[in-house]
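Examining the three-dimensional arrangement
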Amino acid sequence: MFHPLPLYIGLRYVRSRQGFFVSFISWVSMVGICLGVMALITVISVMNGLEGELRGRLLSLASHATLSGEPEQLQDWPQLADRIRKQKEVVGVAPYIDLQGMLGRGGDMRAALIRGVDPKLESEVSDIGAHMRAGSFSDLIAGEQHIILGAGLAYALDARIGDEITVLVPAMAAAGEGAVGGIDLKPRIQNFIVSGVFEVGAQEHDNVLALIHLQDASGLAGTHGMPNGLRLKFDDIFAAPVRTPEINQALGGKFKVSDWSIENASYFRAVKIEKTMMTLILMLIVAVAAFNIVAALVMVVNEKRTDIAILRTVGMTPRDIVGVFMTQGVFIGWFGALLGLVLGLLLAFNVSTIVPFLERLAGVKVFDPTVFVISDMPSEVQWPQVIGITLTALILTVLATIYPSLRGAATEPAEALRYE
């Protein structure tokens, strides 16, 4: 017999053949905790992967951050861009002009965000070239009136390479004859030739965005070659919300700043809420299993009243009795939690292999490629979340053993042995 004695007796109780019902509840408790932890780790990892996929698609054409201002503030934008590139963590800077307007072809008109970009610098802040379905991004040449459409926008206009598109944008003007509230009643209209189509898999880009050369956009906007602002890319996407205001302050604090977390706040807030609710729902499985441990230990205590009385009479203290039953409950709970941790990590790391196998076996697609842009099941394991889930399960199982253990320690030897 080894010491400490409560640990030894508690482990003996775990291995002993108890009543069928008590053993059944103990096994159900262990399996419940295992399944809860496994499901929670797997689901949260998949949701992390979906969030990362969504973020990547949204930012494939959007920059990490923007600095915008009045045209006169950006007269020397090339020198300003060089200063920003020298800031730590900045890996790319490119100018842009954003115009709200209409695109027309034949009798079809569609609202669009018309963005003027410099093809030579745009690759520093986005990977548009990797998402071209037709044409080439380098076809955007100043003065040639070329335009690249999102796939959804091209489909809505039934536009193909070489087709002519009418671009209509409101022209800003000083209040005067023919102007109301600073907006000229005669919009600027120009014809562009479709030179390319891109698709990134995000409706916010594919259905509304059109790209033209920066100089052509400047002619439409009347900014005399000056952009609306500068788009920034950082080596770490999560540095953008912190570093962008600091860079603005270093430049005199005269620019308006924005970043991806602000521009796409609604999407990521929705994902965060879904992850939180899913965590709470799945954690209920662990909580129910922990309550089963309480029920199992209470029945064990009632069954072992004679054993408890004998142990008390030979010198074991109430604290030792608490240790016996806590050992039994903690072993059941922790074994289930750690087994769930291992199985959850195995599933999370191999989702991309397991899901296609199950799809072939069942003959169905989880994400139908004809309906969903994301056809694969992404997974991203974040260790702080895994550790948090496991620790929560371990703590719940410890808490579940307290009441039955105290009840066992409160057993009076004389009362328990009266009819023995």
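Values in this document were obtained by computation on a predicted structure and should not be read as measured data.

Mapped onto the fold, Ser68 is located in strand E1 (residues 65–68). With residues near it in sequence (within four places) discarded, Ser68 still touches Tyr96, Asn228, Gly229, Phe255 and Lys256.

Moving on: the packing of helix H10 (residues 265–303) against helix H12 (residues 318–349). Taken N-terminus to C-terminus, the directions of H10 and H12 make an angle of 145°; their axes are 11 Å apart at the nearest point. The two elements H10 and H12 cross, and the hand of that crossing is right-handed. Across from Ile293, Leu297, Val300 and Val301 in H10, the residues of H12 making contact are Phe325, Gln328, Gly329 and Gly333. Of the residues belonging to the contact of H10 with H12, the class tally is five nonpolar, three polar and no charged.

With that settled, the discussion passes to the pattern of salt bridges. The final tally for this structure, using the stated rule, is 10 salt bridges. When the shortest N-O distance is used, the salt bridge between Arg115 and Asp98 registers 3.0 Å. In this pair, Arg115 sits in strand E3 (residues 108–117) while Asp98 sits in strand E2 (residues 90–105), placing the two residues 17 residues apart along the sequence. One salt bridge in this structure joins Arg160 and Asp158, with 3.0 Å as the shortest N-O distance. The exposure class assigned to Arg160 is exposed, which follows from its relative accessible area of 52%. It is possible to trace a salt-bridge network through shared partners that takes in Asp82, Arg85 and Glu124.

So, on to a nonpolar patch on the surface. Taken together, the side chains of Phe349, Trp383, Ile387, Leu391, Ile395, Leu399, Ile402 and Leu406 make up a nonpolar region of the molecular surface, amounting to roughly 800 Å² of accessible area. With respect to the helices, strands and loops of the structure, Ile395 is situated in helix H14 (residues 383–409).

The biggest cluster of nonpolar side chains holds 62 residues, and the ones touching the most others in it are Ile84, Leu103, Ile147, Leu149, Val167, Phe198 and Leu211. Broken down by element, the residue count for this core peaks at six residues, all from E2. Discounting residues that sit within four places of it in the chain, Ile84 has contacts with Leu67, Val90, Val93, Leu230, Leu232, Ile247 and Leu251.

Here we come to helix H7 (residues 214–221). Counting buried positions over the eight residues of H7 gives six, a clear majority of the element. Just downstream of H7, Gly222 is the residue with a positive phi angle, here 70°.

Each α-helix turn comprises 3.6 residues. Residues three or four places apart therefore point the same way. For helix H13 (residues 351–362), with 12 residues, the first-to-last C-alpha span of 16 Å sits near the 16 Å given by 1.5 Å per residue. Taken residue by residue, H13 has Val351, Val355 and Glu359 as its buried positions. With its buried residues spanning 60° around the axis, H13 presents them on a single face. Opposite its buried face, H13 presents the exposed residues Thr353, Arg360 and Leu361, each directed more than 90 degrees away. Looking one or two residues past H13, Gly363 carries a phi angle of roughly 75°, positive in sign.

What follows covers the packing of aromatic side chains. Scanning the model with the defined rule gives three aromatic pairs in all. Measuring from ring centre to ring centre gives 5.8 Å for Phe238 and Trp260, while their planes differ by 75°; the resulting arrangement is edge-to-face. Here Trp260 lies in helix H9 (residues 260–263) and Phe238 lies in the loop between strand E11 (229–234) and helix H8 (240–250), a separation of 22 residues in the sequence. Note on Trp260: relative accessible area 7%, which makes it buried.

Examined bridge by bridge, strand E4 (residues 132–135) and strand E9 (residues 188–198) share three bridges and lie antiparallel to one another. Looking at the pairing, Ala134 lines up with Val197 of E9. Relative to E9, strand E5 (residues 146–150) runs parallel, the two being bridged by five bridges. Considered in E9, the bridge of Leu149 is made with Val197.

Turning to the packing of helix H11 (residues 305–313) against H12, a few remarks are in order. Two numbers describe how H11 lies on H12: the axes approach to 10 Å, and their chain directions differ by 140°. Taken together, the axis directions place H11 and H12 in an arrangement best described as oblique. Relative to H12, the crossing made by H11 is right-handed. Across the interface between the two elements, Ile308, Leu311 and Arg312 from H11 touch Pro318, Ile321 and Phe325 from H12. Of the residues that constitute the contact of H11 with H12, the class distribution is five nonpolar, no polar and one charged.

Below, the discussion takes up unusual backbone geometry. We note that Gln145 has phi near 55°; this positive angle belongs to a residue other than glycine. In this structure, His224 is a non-glycine residue whose phi angle is positive, near 55°. Position of His224 relative to the elements: it lies in the loop between H7 and E11.

Another point: the environment of Ile141. Along the chain, Ile141 falls in the loop between E4 and E5. Counting along the chain gives 63 residues from Ile141 to Glu204, while the straight-line C-alpha distance between them is 25 Å. The residues contacting Ile141, other than those within four sequence positions of it, are His213 and Asp216.

Once that is clear, we can look at the side chain of His64. Inspection of the secondary structure assignment puts His64 in the loop between helix H2 (20–58) and E1. At 3.0 Å, the side chain of His64 and the backbone nitrogen of Phe234 are in polar contact.

Rules of the game
Residues numbered from 1 in each chain as written. Predicted model: local features only at pLDDT ≥ 70, side-chain atom pairs only at ≥ 80, totals over all residues. Heavy atoms only, no water. Helix = DSSP H or I, 4+ residues; strand = E, 2+ residues; numbered from the N terminus. Contact = heavy atoms within 4.5 Å. Axes fitted to C-alpha atoms, helices over the stretch in contact; angles between N-to-C directions. Left-handed = near helix turned anticlockwise from the far one by under 90°. Nonpolar A, V, L, I, M, F, W, Y, C, P; charged D, E, K, R; others polar. Salt bridge = Lys/Arg side-chain N within 4 Å of Asp/Glu carboxyl O. Buried < 20%, exposed > 50% of the residue type's maximum accessible area, 1.4 Å probe, protein only. Patch = residues over 30% accessible without salt bridge, like charges linked within 9 Å, V, L, I, M, F, W, Y side chains within 5 Å. Areas by Shrake-Rupley, 256 points an atom, 1.4 Å probe, with all protein chains shown as cover. Core = buried A, V, L, I, M, F, W, Y, C linked by side-chain atoms within 4.5 Å. Expected span 1.5 Å × (residues − 1). Arc of directions from axis to C-beta. Phe/Tyr/Trp six-rings, centres within 6.5 Å; stacked < 30°, edge-to-face > 60°. Pairing = 2+ DSSP bridges. Parallel < 35°, antiparallel > 145°, perpendicular 65-115°, else oblique. Polar contact = N/O pair within 3.5 Å; in protein donor to acceptor, adjacent residues only side chain to side chain.

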